[in-house]
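Analysis of the macromolecular model
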Amino acid sequence: MTTNCATTSDSDSTTTKRICRPFLKWAGGKGQLLGQLGKRVPASYNRYIEPFLGGGALYFSLQPKTAYLSDLNPDLINCFEVVRSHLPALIEELKTYRYDRDMYYAVRALDREPGFAQTSPISRAARFIYLNKTCFNGLFRVNSKGHFNVPFGAYKDPTILDITNLTACGEALKSAILKTGTFEDVVEIAEEGDFVYFDPPYAPASNTADFTQYVSGGFDESCQEVLLLTCLKLHQKGVKWMLSNSNTPIIQELYRGFKVETVEAGRSINSRADKRGPVLELIVRNY
Ligand SMILES: C[S@@+](CC[C@H](N)C(=O)[O-])C[C@H]1O[C@@H](n2cnc3c(N)ncnc32)[C@H](O)[C@@H]1O
């Protein structure tokens, strides 16, 4: 497996693949772990289920025939829906954006305005992609009022609109079900023979080290425990699952009854240059 998709079918569960990669930069995106993850995906399964979708790196790499994709972030899911179902209109809107500090802060400020809730899904998706491509490190962070508050990012010439990749992603998403919701919902959705890939916000390696705040409320240790319970319920139902997480004693301990492997991966989302570079991560499976 490579970061870009192959052009032919390589499993019962995948269809003919287009060359595509995530259309968003996403903190914790799994681009650099695809080789390690891909070789551990079951050779065949019924539905592919991914409840911490983010940028969807593994989904776009595998392009399974049938998929249920979800995330707690409604703006993210709206963006995926628009890429799938309203791409020409989205492209037209994206053509109006430029990499410019004043424009960035004007667009960022739109969610402070009273009428923002009435903005069309297409315009919201265009704004989301624009901010994602031009903000600092592609972070997604909102304040307590739900206002996006990531500063402008310094880039040479960021690509705001990549029509070829957006089109390939839209095609790859055509048959996927997209939902906003919490990961716990998968217990009701997944059935025997399905495969679930969990990529939660990582357990921090220290109190200050890692980025886990994609949605208000964050993802604390109690969430990691609820995730384990979810995995146990799926195991009892005969659902195969794979989980990636940080290599911490807490996660090692939580999953000690399952197959826990340590793998090397580059992690790029850290504001401190000395913290960037290869780190060890965990891949856990129940098969
Ligand atoms: C590590 S990222 C996923 C990255 C993704 N695998 C990729 O390749 O880009 C974790 C995602 O979990 C989502 N999330 C956080 N809490 C959640 C919850 N309780 N239920 C579902 N999704 C949640 C975040 O919005 C974020 O997109």
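All of these numbers come straight from a predicted model, not from anything done at the bench. (Residues numbered from 1 in each chain as written. Predicted model: local features only at pLDDT ≥ 70, side-chain atom pairs only at ≥ 80, totals over all residues.)

Considerations on the overall build of the protein
Tallying secondary structure elements over the protein gives ten helices and seven strands in all. The buried share among the 287 residues of the protein stands at 36%. Once local pairs closer than 6 in sequence are excluded, the contacts in the protein between residues at least 24 apart make up 73%. (Helix = DSSP H or I, 4+ residues; strand = E, 2+ residues; numbered from the N terminus. Buried ≥ 20, exposed ≤ 12 C-beta atoms within 10 Å, placed from the backbone. Contact = placed C-beta atoms within 7 Å.)

Considering unusual backbone geometry
Phi at glutamine 63 is positive, roughly 45 degrees, even though this residue is not glycine. Position of glutamine 63 relative to the elements: it lies in the loop between α2 (57–62) and β2 (67–71). You can call glutamine 63 buried: it has 24 C-beta atoms within 10 Å.

Section: helix α7 (residues 163–172)
Every buried residue of α7 is accounted for by Ala168, Cys169, Gly170 and Ala172. Residues of α7 that are buried sit in contact with α2, α3 (74–85) and α4 (87–94).

With respect to α3
An α-helix turns once every 3.6 residues. As a result, residues three or four positions apart point the same way. Counted at 1.5 Å a residue, the expected span for α3 with its twelve residues is 16 Å, and the 16 Å between its end C-alpha atoms agrees. Every buried residue of α3 is listed here: Asp75, Leu76, Cys79, Phe80, Val82 and Val83. Relative to the axis of α3, the buried residues are bounded by an arc of 165 degrees and lie together on one face. In this structure, the buried residues of α3 make contact with β2, α4, α6 (121–134), α7 and β3 (177–180). (Expected span 1.5 Å × (residues − 1). Arc of directions from axis to C-beta.)

Overview of the site of the ligand
Gly28, Gly29, Gly54, Gly55 and Ala57 are the nearest of the 22 residues found near the ligand. Looking at the shell around the ligand residue by residue, the classes come out as twelve nonpolar, seven polar and three charged. (Near = placed C-beta within 6 Å. Nonpolar A, V, L, I, M, F, W, Y, C, P; charged D, E, K, R; others polar.)

Describing the confidence of the model for the protein
For the protein, per-residue confidence averages 90 on the pLDDT scale, and 86% of positions sit at 70 or higher. Counting interchain partners and residues more than four positions distant, the pLDDT-below-50 stretch residues 1–9 has 23 contacts. (pLDDT = per-residue confidence, 0-100.)

Re the nonpolar core
Formed by 64 residues in total, the largest nonpolar core has its most connected members in Val83, Cys169, Val196, Phe198 and Trp241. By residue number, the principal contributor to this core is α6, which donates six residues. Not counting residues up to four positions away in its chain, the partners in contact with cysteine 169 are Cys20, Phe23, Phe60 and Val83. (Core = buried A, V, L, I, M, F, W, Y, C linked by C-beta atoms within 7 Å.)

A few points about the environment of glycine 28
As for its placement among the helices and strands, glycine 28 is situated in the segment before α1 (34–38). Separated by 26 residues in the primary sequence, glycine 28 and glycine 54 have C-alpha atoms spaced 8.2 Å apart.

Overview of the packing of α4 against α6
Orientation of α4 relative to α6, taken along the N-to-C sense of each, is 55 degrees, at an axis distance of 9 Å. Taken together, the axes of α4 and α6 are oblique relative to one another. Remark: the crossing between α4 and α6 carries right-handed chirality. When α4 is examined against α6, the residues Ala89, Leu90, Glu93 and Leu94 are found in contact with a partner set consisting of Ile122, Ser123, Ala125, Ala126, Ile129 and Tyr130. Of the residues belonging to the contact of α4 with α6, the class tally is eight nonpolar, one polar and one charged. (Axes fitted to C-alpha atoms, helices over the stretch in contact; angles between N-to-C directions. Parallel < 35°, antiparallel > 145°, perpendicular 65-115°, else oblique. Left-handed = near helix turned anticlockwise from the far one by under 90°.)

Notes on the environment of valine 226
Tracing the chain through its elements places valine 226 in helix α9 (residues 221–237). Measuring from C-alpha to C-alpha, the distance between valine 226 and glutamate 184 comes to 7.9 Å, with 42 residues separating the pair along the chain.

Brief notes about the pairing of β2
Within a regular strand, the side chains alternate between the two sheet faces. Burial runs high along β2: four of the five residues are buried. On the question of chirality, the crossover connecting strand β1 (residues 48–50) to the parallel β2 by way of α2 is right-handed. In the sheet, β2 pairs with β3 via four bridges, with the strands oriented parallel. Bridge pairing in β3 places aspartate 71 opposite threonine 180. (Right-handed = clockwise from strand over helix to strand, strands pointing away. Pairing = 2+ DSSP bridges.)

A word on the environment of threonine 262
You can see threonine 262 is positioned in strand β6 (residues 259–267). According to the C-beta neighbour criterion, threonine 262 is exposed, with 10 such atoms within 10 Å. Discounting chain neighbours no more than four positions away, the residues touching threonine 262 are Asn247, Leu280 and Leu282.

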